Structures are given as C-alpha cells and as structure tokens.
Amino acid sequence: MSVPDLPPSLEPLAFLVGTWRGEGVGGYTDLPDFRYEQEITFLATGRPALAYASTTWWADEPRDGREPGSPLATETGFWRLQDDPARPGGKLVEVMLAHPFGIAEIYVGTLTGTKIELDSNVLIRTATAREVTRSVRLYGVIEGGDLAYAIDMEAEGKPMQPHLSARLRKVAD
C-alpha cells in the first residue's frame, strides 16, 4: 500500500492509515457492560510518526443519563516504529496517547505483520484522574480486512481484566 507523505520507516504501519469506524463493547468490575461506536483515524504527516485520534460515543439503551450518541472517551497521540535490537528484522512500536480525563500513556510493543501487541511502559495521571495503573492493547487486521482491538486494564486496585474491544472497518484512506 502506498501512502502519500508516509516516511519509509513507517511503511510497515501503512495498513493502519485512514479512518476506521465500527462498534465495540466495554465493561469493568462494578461497571455494567455497554455498547459504543467509534471512529479512529491514523494520519501520515510526513514526519516519522502517525498521528492518531479516536472518538467514541454511547450506542446502548439510555442509562445513567447517557443517550445513544452521547460522547464517551477521546484519545489523541502518535504511533511510531523503531528497529528492535532484540528481534532481528523486528519492529518496536511506540505509542504516545493523551486523554482529556487527565491520563497520558506511553505504550511499547511489537509489530508482527498486521498484529500489534502493546504494553503500558509509562502511565501518568493528574491528581483528580481515575487510578489506572497499567493497560495492555492488542490491535490486528482480521478476516475481511477489519481492524479489531482489545484493551485490558488494571485500575482502582482491581486486577488486570478486559475493558474494551471493537471491530472497525476502513471507511476512508
């Protein structure tokens, strides 16, 4: 796939570039399961990092003051690749994310084909943000060319457990 303004160092991530939309499910201990819709955009900027933006909104029945279409979470950041000295020919993925609810995260992980496994390397929060202590993410292209992901989280003194997962289809390059 040829992507304008994509530096050669990012070619292995070319499959992500574009806008993806779809639905997901979420939940956590003491949080009832819910459905959400999402749009993610990966943008080549000409620099050696992909710009990233994600927006989610409520897609479930009205609950707790939320109506379908109500905004949920947003995150923005950058994805980049480095050579991985521990894996000849392997690529190290570095993801920097910021959330408006007072958390910033840096993930480090590996790229294998169209599968990306990320583990939180640094997670910082403001004094008023939720106590999230660790998060892991798995992204990959699945059957039909859709992008699927799963996020597990350790927060509020609770052990690592599934939090969010979604299946998104590419709607624009």
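Since we're looking at a predicted model, the values are computed, not measured.

Attention now moves to the overall build of the chain. A count of helical and extended segments in the chain gives zero helices and ten strands. In the chain, the succession of helices and strands from N to C terminus is β-β-β-β-β-β-β-β-β-β. In terms of overall size, the chain behaves like a compact globule, its C-alpha atoms giving a radius of gyration of 16 Å where 173 residues would be expected to give roughly 16 Å. Each principal axis of the C-alpha atoms in the chain carries an extent, and together these give about 45 × 35 × 25 Å. Across the 173 residues of the chain, 41% fall into the buried class. Considering only contacts in the chain between residues 6 or more positions apart, those separated by 24 or more positions represent 41%. As displayed, the chain has an accessible area near 9100 Å², and 54% of this comes from carbon and sulfur atoms.

A separate point is the packing of aromatic side chains. Summed over the entire model, instances satisfying the criterion amount to seven aromatic pairs. Geometrically, the ring pair formed by Phe42 and Tyr52 is tilted, given 5.2 Å between the ring centres and 55° between the ring planes. Of this pair, Phe42 sits in strand S2 (residues 31-44) while Tyr52 is found in strand S3 (residues 50-58), placing the two residues ten residues apart along the sequence. A relative accessible area of 1% means that Phe42 is categorised as buried. Among the aromatic residues, ring-to-ring pairing joins Phe42, Tyr52, Trp79, Tyr139 and Tyr149 into one connected group.

The subject of this paragraph is a nonpolar patch on the surface. Nonpolar side chains collect at one region of the surface, where Ile106, Val122 and Ile124 lie side by side and expose about 230 Å² of accessible area between them. Mapped onto the elements of the fold, Val122 is located in strand S7 (residues 115-125). A residue is classified by how much of its surface remains accessible, and Val122, at 35% relative accessible area, is partly exposed.

Our focus in this paragraph is the sheet that holds S2. The strand order around the closed barrel formed by ten strands is S1-S2-S3-S4-S5-S6-S7-S8-S9-S10, and the pairing between neighbours is antiparallel. Across the sheet, the mean angle from the axis of one strand to that of its neighbour is 25°, orientation sign disregarded. Both S2 and S3 contribute to a ladder of nine bridges, which runs antiparallel. By the bridge assignment for S3, Phe42 is matched with Tyr52.

So, on to the nonpolar core. Counting residues in each nonpolar core, the largest one holds 32 residues, and the members touching the most others are Leu13, Leu16, Phe42, Leu50, Trp79 and Ile116. Residue assignment for this core shows that the elements contributing at least two residues are S2, S3, strand S4 (71-83), strand S5 (91-99), strand S6 (103-112), S7, strand S9 (147-155) and strand S10 (161-172). For this core, the element with the highest residue contribution is S2, accounting for five residues. Leave out the neighbours within four places in its chain, and Trp79 touches Leu10, Leu16, Phe42, Ala49, Leu50, Tyr52, Val93, Glu94, Val95, Ile116, Leu118 and Tyr139.

On to the pairing of strand S1 (residues 18-28), then. For S1, the tally of buried residues reaches eight of eleven residues, placing the bulk of the element in the interior. Here S1 pairs with S2 via ten bridges, running antiparallel. Considered in S2, the bridge of Gly26 is made with Phe34. Note: S1 against S10, eight bridges, orientation antiparallel. Across the sheet, residue Glu23 finds its bridge partner in S10, namely Arg167.

This part covers the UniProt feature "binding site: heme b" (unreviewed entry) in the chain. Under the local residue numbering, the UniProt record ascribes the feature "binding site: heme b" (unreviewed entry) to His163. Setting aside residues no more than four positions away along its own chain, His163 makes contact with Val25, Gly26, Gly27, Tyr28, Ile151, Asp152 and Met153.

Thresholds, definitions, all that
- Residues numbered from 1 in each chain as written.
- Predicted model: local features only at pLDDT ≥ 70, side-chain atom pairs only at ≥ 80, totals over all residues.
- Heavy atoms only, no water.
- Helix = DSSP H or I, 4+ residues; strand = E, 2+ residues; numbered from the N terminus.
- Rg over C-alpha atoms; globule rule 2.2 N^0.38 Å.
- Buried < 20%, exposed > 50% of the residue type's maximum accessible area, 1.4 Å probe, protein only.
- Contact = heavy atoms within 4.5 Å.
- Areas by Shrake-Rupley, 256 points an atom, 1.4 Å probe, with all protein chains shown as cover.
- Phe/Tyr/Trp six-rings, centres within 6.5 Å; stacked < 30°, edge-to-face > 60°.
- Patch = residues over 30% accessible without salt bridge, like charges linked within 9 Å, V, L, I, M, F, W, Y side chains within 5 Å.
- Salt bridge = Lys/Arg side-chain N within 4 Å of Asp/Glu carboxyl O.
- Pairing = 2+ DSSP bridges.
- Axes fitted to C-alpha atoms, helices over the stretch in contact; angles between N-to-C directions.
- Core = buried A, V, L, I, M, F, W, Y, C linked by side-chain atoms within 4.5 Å.
- UniProt positions renumbered as here; feature names shortened; annotations may be inferred.

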